[in-house]
Amino acid sequence: MSAGPFEAALRARRDAGGKCLVVYVTGGLGDDWLDTARAVAAAGADAIEIGVPFSDPVMDGPTIQAANDLALAAGATPTGILDALRGADVGAPLAVMTYYNIAFRMGLERFAESLVAAGVSGCILPDLPLEEAGPWLEAAGVAGVEPILLAAPTAPDERLPEICAVSRGFVYGVGLLGVTGVRSELAASAVEIATRLKPVTDLPVLVGVGIGTPEQAVEASAHGDGVIVGSAVVQRMVDGAGPEGVGELVASFRAALDAG
Amino acid sequence: MTESANAPLQDPSPDGRFGDFGGQFVPETLVPACQELEREFRAAWVDPSFRADLDHLLAEYAGRPSPLTECHNLSEEFGCRLFVKREDLNHTGSHKINNVLGQALLAKRMGKTRLVAETGAGQHGVATATAAALMDMECCVFMGEVDVARQELNVFRMRLLGAEVRTAMSGSRTLKDAVNEAMRDWVATVVESHYCLGSVNGPHPYPWMVRTFHEVLGREARDQSEAVLGAPPDVVVACVGGGSNAIGIFSGFADAPTELVGVEPAGGAAIGRGVPGVVHGSVSYLMQDEFGQVQEAESISAGLDYPGVGPEHAHLSASGRARYEPVTDAEVVEAFQLMSRAEGIIPALESAHALAWISRERASLAGKSVVMNLSGRGDKDVAQMMDILS
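Rules of the game
Residues numbered from 1 in each chain as written. Chains lettered and ligands numbered in written order. Predicted model: local features only at pLDDT ≥ 70, side-chain atom pairs only at ≥ 80, totals over all residues. Heavy atoms only, no water. Helix = DSSP H or I, 4+ residues; strand = E, 2+ residues; numbered from the N terminus. Contact = heavy atoms within 4.5 Å. Buried area = accessible area lost by both parts, 1.4 Å probe. Salt bridge = Lys/Arg side-chain N within 4 Å of Asp/Glu carboxyl O. Polar contact = N/O pair within 3.5 Å; in protein donor to acceptor, adjacent residues only side chain to side chain. Pairing = 2+ DSSP bridges. Axes fitted to C-alpha atoms, helices over the stretch in contact; angles between N-to-C directions.

### With respect to the side chain of His214(B)
In this fold, His214(B) is placed in helix H9 (residues 206–229). Here His214(B) is in contact with His95(B), Lys96(B), Asn98(B), Asn99(B), Ser244(B) and Gly248(B), once residues within four sequence places are set aside.

### Observations regarding the interface of chain B and chain A
Contacts between the two partners involve 39 residues from chain B, matched on the other side by 37 residues from chain A. Carbon and sulfur atoms supply 56% of the area buried between chain B and chain A, which totals about 2900 Å² over both sides. The largest share of the area that chain B buries against chain A comes from Glu28(B), Arg184(B) and Phe291(B), three residues that together contribute 25% of it. Where chain B packs against chain A, one counts 3 salt bridges. Across the pair Glu28(B) and Arg159(A) runs a salt bridge, and its minimum N-O distance is 2.8 Å. Linking chain B with chain A are 18 residue pairs in polar contact (both at pLDDT 80 or more), by the criterion used here. Counting only elements with at least two residues in the side of chain B that touches chain A, the list comes to helix H1 (31–45), helix H8 (175–189), strand E11 (275–279) and strand E12 (282–286) of chain B. Top contributing element to the side of chain B that touches chain A by residue count: H8(B), with 8 residues.

### Here's the deal with the sheet that holds strand E8 (residues 193–195) of chain B
All names here are of chain B. Ordered in space as E7-E6-E5-E8, the 4 strands form an open sheet in which the pairing is parallel. A single partner strand is all that each edge strand has here, and the edge strands are strand E7 (164–168) and E8. Neighbour-to-neighbour, the strand axes of this sheet turn through a mean angle of 25 degrees, independent of strand direction. Here strand E5 (residues 114–119) runs beside E8; their pairing, made up of 3 bridges, is parallel. Residue pairing across strands places arginine 114 opposite serine 193, the latter belonging to E8.

### Quick look at the sheet that holds strand E1 (residues 20–26) of chain A
Residues and elements named next belong to chain A. Sheet architecture is open: 9 strands sit in the order E5-E4-E3-E2-E1-E9-E8-E7-E6, paired in parallel fashion. The sheet terminates laterally at strand E5 (146–148) and strand E6 (150–151), the two strands that pair on one side only. Bridge count for strand E2 (residues 47–51) against strand E3 (residues 94–97) is 4 bridges, and the pairing is parallel. In the strand pairing of E3, glycine 51 is matched with methionine 97. Helix H2 (residues 33–42) contacts E1 and E2 of the sheet and is inclined by roughly 170 degrees relative to E1.

In structure tokens form, the structure reads like this:
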């Protein structure tokens, strides 16, 4: 099976000897979120996750929760965000990150088709574990969406290859025991999950959750293929830094990863 | 007794389903913990020493069995024969203690040192804080900001019992958000913490495990009602938020020719107004908008102020074995006062929902025998009622 656009972009970075940078942007947050996504791509993100706000995001910490609430209060909807993405040339492959009920409510087939129609390659559903993923994997497969699965520090060894076998795009190593958000120090588990995943898969192995600074990104990607940065970027959006300010932050991550 | 085609409540399928409802929709981090919990619960439940420990606590600490009281004055007023199962007389004032003692014992057995819980009205939080004090465990209870304000007394009780109470400030700042915060805490502390979930919602095995811990009240009510009536009652009624007290009493009568009625608050009627959705770990009826955003429930009762419902109730509704009816806040306030004056029993606002339905339906219940689960006592609600009634 050939890699989809999301996976192809990450493999290209890896094959060139670089470290992958995936950045999370909350969809519908402010009038300029789409411009922010473009700025993120221009600043060197290999791919972008567009967060589709959900009312009850149990895997997200205070920063992304607050961004969710702001976007929802401003009228953000899954269809509105996907409509905005349709035909918008952001400059990097896209994945949507949302919660299972958003897909479930729309109907899994329709949801997968609507992602494809909007030009979104991948999808991350952090409350959908392996055992429950069957129907979604099937719908995603039919529509041609890359379903990106998470692998947690609590997973026993035998679970990791099972997750990697069905994940597409990359495998999302959860960097710590906890929800999304910036931490003062990188957890030892961030390095550990990458170290455990690398030998069991050829998929790009990226670590996310708790990666808030360029230094932490470098450290976390040393044993894997790269990182996902979310809350640090979303905080900049909430603070009103605008596309330019967010782009500067992303560029600092890119520079640090390139310098190693 | 008429021949009944009804069956006892079933165990869930291996993937945690009751019919089309249930499952285990949790972040990857929590999957091993849910799987371990299921294994440990299965092992404990067939272990005579675990069962003996639990039975001992239920009898000597919680005060079981609770009586079944015939309400002569209300029976006369309604024209039916009304009995109430007195879960209000349990230690800590509600049925919640049955489940909490079971889970706390199990958590101890699993080597956990900390209990995490959500609470709405505070009854489950108080019960969890109580069990943690008894068993020398750390305890952290999440409660929505709105509920902290309207259930001040229970917040103080939990702190008095040594628990930490954390205020959930997100979303509707009620029970739903307290569950979100408890799950987030559990994601971060899963190694040392057990999530002591308070109702029959959540991921598998919670809906089944919590029901099993509450089956004791259903068994007692069945025996007690048959001892008086010589047969099971015509109707069993209980309020439903997540649905733990209701599933407890339904479990005792599911195989009888008894009509089972769950009463939902009109502002939080997941079965009445919801469509299938996934939140807090399982597929069930859920109040949500066209995009799948969970809607905020609105009920006078903090314990029922929840937009979802346990998956087994969704199944019992879909299969037709039980029916679910809404009552308004105004009807509940009236029932709260009615039971206080007529029987000298101040019911919890949650339990008053069940009475409100009986009162409204008195014409159709005439001549019937009715068992209502009086799931909790109303002491916690008197301050709120003082405001409402003045």
